[in-house]
Amino acid sequence: MEEIIQELIEQVPFGVKLVVKDAGADHFLITKDFEDVFSSASLIKVPMLLAVLDYVENESRSLHETVKIPPINRVDYSVLSELGAEACTLQELLVWMIITSDNTATNVLIDFMGLEKLNLYFKKIGLTQTKIQRKMMDFVQLEKGFDNITSAKDMATLYTAIYRKLLLSKEYSELVIDILSRQRVHESLKRYLVDDVKIAHKTGSLDTVEHDIGIVFSNKKDYIIGVFVTDHTNNEDAKRFIGKISKIVYDHLGKEGETLYEGNYKIQGR
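Residues numbered from 1 in each chain as written. Predicted model: local features only at pLDDT ≥ 70, side-chain atom pairs only at ≥ 80, totals over all residues. Heavy atoms only, no water.

Draft legend 1. Main features of helix α9 (residues 170–181). With 12 residues, α9 should reach 16 Å at 1.5 Å per residue; the first-to-last C-alpha distance of 16 Å fits that figure. Along α9, the positions that sit buried rather than exposed are Tyr172, Ser173, Leu175, Val176, Ile177, Ile179 and Leu180. Contacts from the buried residues of α9 go to α2 (45–58), α4 (90–99), α8 (152–164), β7 (198–205) and β8 (209–217). (Helix = DSSP H or I, 4+ residues; strand = E, 2+ residues; numbered from the N terminus. Expected span 1.5 Å × (residues − 1). Buried < 20%, exposed > 50% of the residue type's maximum accessible area, 1.4 Å probe, protein only. Contact = heavy atoms within 4.5 Å.)

Dropping the structure here:
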C-alpha cells in the first residue's frame, strides 16, 4: 500500500500531506509531512463544532437556543444566505456548518464563541498547530496574513479523539459523529468507493488547497485517513488524487476479500 501511494505522490505537481492510522490504535500506518502547517480551509470547522458543543455542555446552554444572523455575516454560496434566514438554532448552525460547509453559519458561530475562546479550546484538546484567525470568506484579513491553519498531526489527534469519544459527553460525542457522517460533499474520499461505506469526514477547499479527512467505518477495520493537497492549480485534479489515495487505502484496510488495483494502481494477486 505504501509503495503504491508513494508512486502516486511522485506523479503529482502539488504538495501532499498525508495521515492514515488505525482508529482504535495509537500507531500510524502512513504519514507524510505530518507536522507541516498549512491553510486549513474548512477543516477548521470541525474543532469549532466541538468547541461550541463543549461550551453548550459546560455552560448549561441549549442547542435549541436561537441565534440571530446579522447581514454582516451573510456570504455567498451559503444555504442560509439563499434562504434569507434571520435566525437559527445553535444545532441548525452546527449542522449546516459541517454538512454543506456553510460559511454564513460558520461566521455566526465565530461571533457566538469569539476567536480567543475557540483558540483556547483548540489548545486545551491538544491541537498545537491549529489556529483560527479570520472569518470565512474574509479575503482582506487573508491578504494581511491572517489565515486559519492546521496540520496532519493535529487533524489525526482530533479525529482519534472524536472516534474514541474522549472530548464530550456520550450524547454529544455521538452527535459529532452523526453530523460528520451526514456530510453532503463527497467528491474526494468517497469518490471512487463503490461500497456504501460510512465516513464521518470534512472537506476543505480554497483556490490552491483541497483537503478531506475522516473516520472510515468498515466491516474489516475502522481507520482515519486524511489527504491534504496544497499549491495545486486545479481543484478537480486534487479531488481525483485524494479519491485515488482513499481507494487504495480502503481496498487495503476496509474491503474484505481479494483486492485488485486497476488503471493507475498496481495489480496484486496475479
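Draft legend 2. The arrangement of the sheet that holds β8 in detail. Strand order in the open sheet formed by five strands is β2-β1-β9-β8-β7, and the pairing between neighbours is antiparallel. Only two strands of the sheet have a single neighbouring strand rather than two, namely β2 (28–32) and β7. Taking each pair of neighbouring strands and ignoring which way they run, the sheet shows an average axis angle of 5°. Pairing between β7 and β8: eight bridges, direction antiparallel. In the strand pairing of β8, Ser205 is matched with Glu210. Sitting on the sheet, helix α10 (residues 235–253) touches β1 (15–22), β2, β7, β8 and β9 (223–230), and the angle it makes with β9 is about 155°. (Pairing = 2+ DSSP bridges. Axes fitted to C-alpha atoms, helices over the stretch in contact; angles between N-to-C directions.)

Draft legend 3. Quick peek at a nonpolar patch on the surface. On the surface, a cluster of nonpolar side chains totalling about 370 Å² of accessible area is made up of Tyr77, Met137 and Phe139. Judged by relative accessible area, which is 33%, Met137 ranks as partly exposed. (Patch = residues over 30% accessible without salt bridge, like charges linked within 9 Å, V, L, I, M, F, W, Y side chains within 5 Å. Areas by Shrake-Rupley, 256 points an atom, 1.4 Å probe, with all protein chains shown as cover. Salt bridge = Lys/Arg side-chain N within 4 Å of Asp/Glu carboxyl O.)

Draft legend 4. Layout of the layout of surface pockets. There is about 610 Å³ of room inside the largest pocket. Lining of the largest pocket is provided by 28 residues; of these, Ala41, Ser42, Gly204, Ser205 and Leu206 occupy positions nearest its centre. Listing elements by their share of the lining of the largest pocket, those giving two or more residues are α7 (139–143), β7 and β8. Lining the second largest pocket are Glu116, Asn119, Leu120, Lys123, Leu127, Thr128, Gln129, Thr130, Lys131 and Ile149. When residues in the lining of the second largest pocket are grouped by element, the largest group, four residues, is from helix α6 (residues 115–124). (1 Å grid on protein atoms, 1.4 Å probe; cavity = no way out; pocket = protein on both sides within 12 Å on 5 of 7 lines; lining within 4 Å. Points joined across faces, edges and corners; volume = space filled by probe spheres on them.)

Draft legend 5. Focus on unusual backbone geometry. With phi around 45°, Asp33 is a residue other than glycine that occupies positive phi space. With respect to the helices and strands, the residue Asp33 is situated in the loop between β2 and β3 (37–39). In this structure, Ser60 is a non-glycine residue whose phi angle is positive, near 55°. If you trace the backbone, Ser60 turns up in the loop between α2 and β4 (66–68).

Draft legend 6. Broad picture of the pattern of salt bridges. The tally for this structure, following the rule as stated, stands at 16 salt bridges. A salt bridge links Glu236 to Arg191; the nearest nitrogen and oxygen atoms lie 3.8 Å apart. Of this pair, Glu236 sits in helix α10 while Arg191 is found in the loop between α9 and β7, placing the two residues 45 residues apart along the sequence. The exposure class of Arg191 is partly exposed, given its relative accessible area of 29%. When the shortest N-O distance is used, the salt bridge between Lys239 and Glu236 registers 3.4 Å.

Draft legend 7. Inspection of empty space enclosed by the protein at higher detail. Scanning the model with the defined rule gives one cavity of 30 Å³ or more in all. Taken together, Leu50, Ala161, Ile162, Lys165, Leu166, Leu167, Leu168, Ser173 and Val176 form the lining of the largest cavity. Broken down by secondary-structure element, the contributors of at least two residues to the lining of the largest cavity are α8 and α9. Classifying every residue of the lining of the largest cavity gives seven nonpolar, one polar and one charged. (Nonpolar A, V, L, I, M, F, W, Y, C, P; charged D, E, K, R; others polar.)

Draft legend 8. Local environment of the nonpolar core. Among the nonpolar cores identified, the biggest contains 59 residues, and Leu53, Leu93, Leu158, Tyr159 and Ile162 are the most heavily contacted of them. Counting only elements with at least two residues in this core, the list comes to α2, α4, α5 (103–113), α6, α8, α9, β8 and β9. The element that contributes the greatest number of residues to this core is α2, accounting for nine residues. What Tyr159 contacts, discounting residues up to four positions off in sequence, is Val46, Leu180, Ala200, His201, Lys202, Ile213, Gly214, Ile215 and Ile224. Within the second largest apolar cluster, 27 residues are counted, among which are Phe14, Val197, Val229 and Val249. (Core = buried A, V, L, I, M, F, W, Y, C linked by side-chain atoms within 4.5 Å.)

Draft legend 9. Expanded view of the side chain of Asp22. As for its position among the elements, Asp22 is in strand β1. Accessibility expressed as a relative area gives 15% for Asp22, which makes it buried. A distance of 3.2 Å separates the side chain of Asp22 from the side chain of Lys221, its partner in a polar contact. Discounting residues that sit within four places of it in the chain, Asp22 has contacts with His27, Leu29, Lys221, Asp222 and Tyr223. (Polar contact = N/O pair within 3.5 Å; in protein donor to acceptor, adjacent residues only side chain to side chain.)

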